[in-house]
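One letter stands for each residue in the lines below.
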Amino acid sequence: MNHHVTGRANARGISLADQDETQLGGPASVLVRQKREHVRLDHLLDGLQGTSGAEQNRVLIRIYRLVFPHAFAEESVLWPVIRRVLPDGEALTRQVEEEHQEVNELVTRLDGELLDPSERRQVLDRLVEVLREDVRDEEDALLPGLQRQLSVSQLRRLGVAWELVRRTAPTRPHPVVSRRPPGNALAALPLTVLDNLRDLCEVAAHRSPRTAPALNNVSHALAQAAGRVERLGALRRGERNLTSVENR
Ligand SMILES: [Fe+2]
Ligand SMILES: [Fe+2]
């Protein structure tokens, strides 16, 4: 438990926003790693609102690469710990899982549907809103709760575990996959390989307009392969009704 923290306190502890890196347990701590990525996300979201067209798409891809591995590692490493150590961990994690699920669905719409400009605006505005809510729930409630229950060395060990999973996690939305272990962990490897290939195709397509149609076809085929991986029965194990998506 950390007794040296000062700042805005609530029933759960002190928001990560009001603590510096030393108070949060130093660079290895899961709290510092979380907060750093939340700050990066905040800048990218500002960038999203100030851009349009191809430039906005590039910002979106950077947001996906940040957000999906980040959330995947939260769901497989952090939330199970929070459910064990906090009496209301079940309700708290269910709320952020629903936020993550909504992000998956919004991004799937942005990527896959032909939206008219006003629909696209609405989907983007909601995406920014949900991502900011998710950060506030984590920084103000879940993570201060975790901080009160774990020692600094436990926070650091958890930080290393979260980072390892984050680095090998999928970079795309997969709304059909379970939001909970073990389904999400089984899905990670094949989906990560497919997602990384799609990222490469899209970056290459941006660079070279001549080969872009061919690369976009490859990217589309990879997306379909990922869809088939997601539908494998085992990957849906661990799912709760609330965040389950049927018949897509
Ligand atoms: Fe987070
Ligand atoms: Fe999150």
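Quick caveat: nothing in here was measured; it's all calculated off a predicted structure.

Notes on the pattern of salt bridges
Piece 1. Enumeration over the complete set of coordinates arrives at 15 salt bridges.
Piece 2. Notably, a salt bridge pairs Glu102 with Arg126, separated by 2.7 Å at the nearest N-O pair. With Glu102 in helix 3 (residues 89-112) and Arg126 in helix 4 (residues 117-149), this residue pair connects regions lying 24 residues apart in the sequence.
Piece 3. By relative accessible area, Glu102 is classed as partly exposed at 25%.
Piece 4. On the accessibility criterion, Arg126 (28% relative accessible area) is partly exposed.
Piece 5. The salt bridge partner of Glu163 is Arg167, with a shortest N-O separation of 2.9 Å.

Describing the side chain of Ser15
Piece 1. Tracing the sequence through the fold places Ser15 in the loop between strand 2 (13-14) and helix 1 (30-49).
Piece 2. The exposure class assigned to Ser15 is buried, which follows from its relative accessible area of 4%.
Piece 3. A polar contact is formed between the side chain of Ser15 and the side chain of Asp140, at a distance of 2.7 Å.

Description of the coordination of the iron ion (ligand 2)
Piece 1. The protein atoms that coordinate the iron ion (ligand 2) are Glu74 (OE), His100 (NE2), Asp134 (OD) and Glu138 (OE), at distances of 2.0 to 2.3 Å.
Piece 2. Every donor counted, the 4 donor atoms about the iron ion (ligand 2) form angles of 87 to 174° at the centre, which fits irregular coordination.
Piece 3. Between the two metals, the iron ion (ligand 2) and the iron ion (ligand 1), the spacing is 3.8 Å, and Glu74 donates to both. Residue His100 is located in helix 3, and its partner Asp134 is located in helix 4; the two are separated by 34 residues in the primary sequence.
Piece 4. The exposure class assigned to His100 is buried, which follows from its relative accessible area of 4%.

Some points on the coordination of the iron ion (ligand 1)
Piece 1. Bound to the iron ion (ligand 1) are the protein donor atoms Gln34 (OE1), His38 (NE2), His70 (NE2), Glu74 (OE) and Glu138 (OE), situated 2.0 to 2.2 Å from the metal.
Piece 2. Site description for the iron ion (ligand 1): donor spacing in sequence, Q-x3-H-x31-H-x3-E-x63-E.

Quick look at the nonpolar core
Piece 1. Membership of the largest hydrophobic core comes to 23 residues, with the highest contact counts inside it found for Leu41, Ile63, Val103, Leu110, Leu127 and Leu131.
Piece 2. Of all the secondary structure elements, the ones that give two or more residues to this core are helix 1, helix 2 (53-85), helix 3 and helix 4.
Piece 3. Formed by 22 residues, the second largest nonpolar core is a distinct cluster that contains Leu24, Val32, Leu146 and Trp162.

Some details on the environment of Arg167
Piece 1. Along the chain, the position of Arg167 falls in helix 5 (residues 152-167).
Piece 2. Sequence separation between Arg167 and Ala73 is 94 residues, and the spatial gap between their C-alpha atoms is 8.7 Å.
Piece 3. A polar contact of 2.9 Å, which involves the side chain of Arg167, links it to the side chain of Glu163.

Scoring rules and cut-offs
Residues numbered from 1 in each chain as written. Chains lettered and ligands numbered in written order. Predicted model: local features only at pLDDT ≥ 70, side-chain atom pairs only at ≥ 80, totals over all residues. Heavy atoms only, no water. Salt bridge = Lys/Arg side-chain N within 4 Å of Asp/Glu carboxyl O. Helix = DSSP H or I, 4+ residues; strand = E, 2+ residues; numbered from the N terminus. Buried < 20%, exposed > 50% of the residue type's maximum accessible area, 1.4 Å probe, protein only. Polar contact = N/O pair within 3.5 Å; in protein donor to acceptor, adjacent residues only side chain to side chain. Donors = N, O, S within 2.8 Å, 3.2 Å for Na, K, Ca; no water. Tetrahedral: all angles 85-135°; square planar, octahedral: opposite > 155°, others 65-115°. Core = buried A, V, L, I, M, F, W, Y, C linked by side-chain atoms within 4.5 Å.

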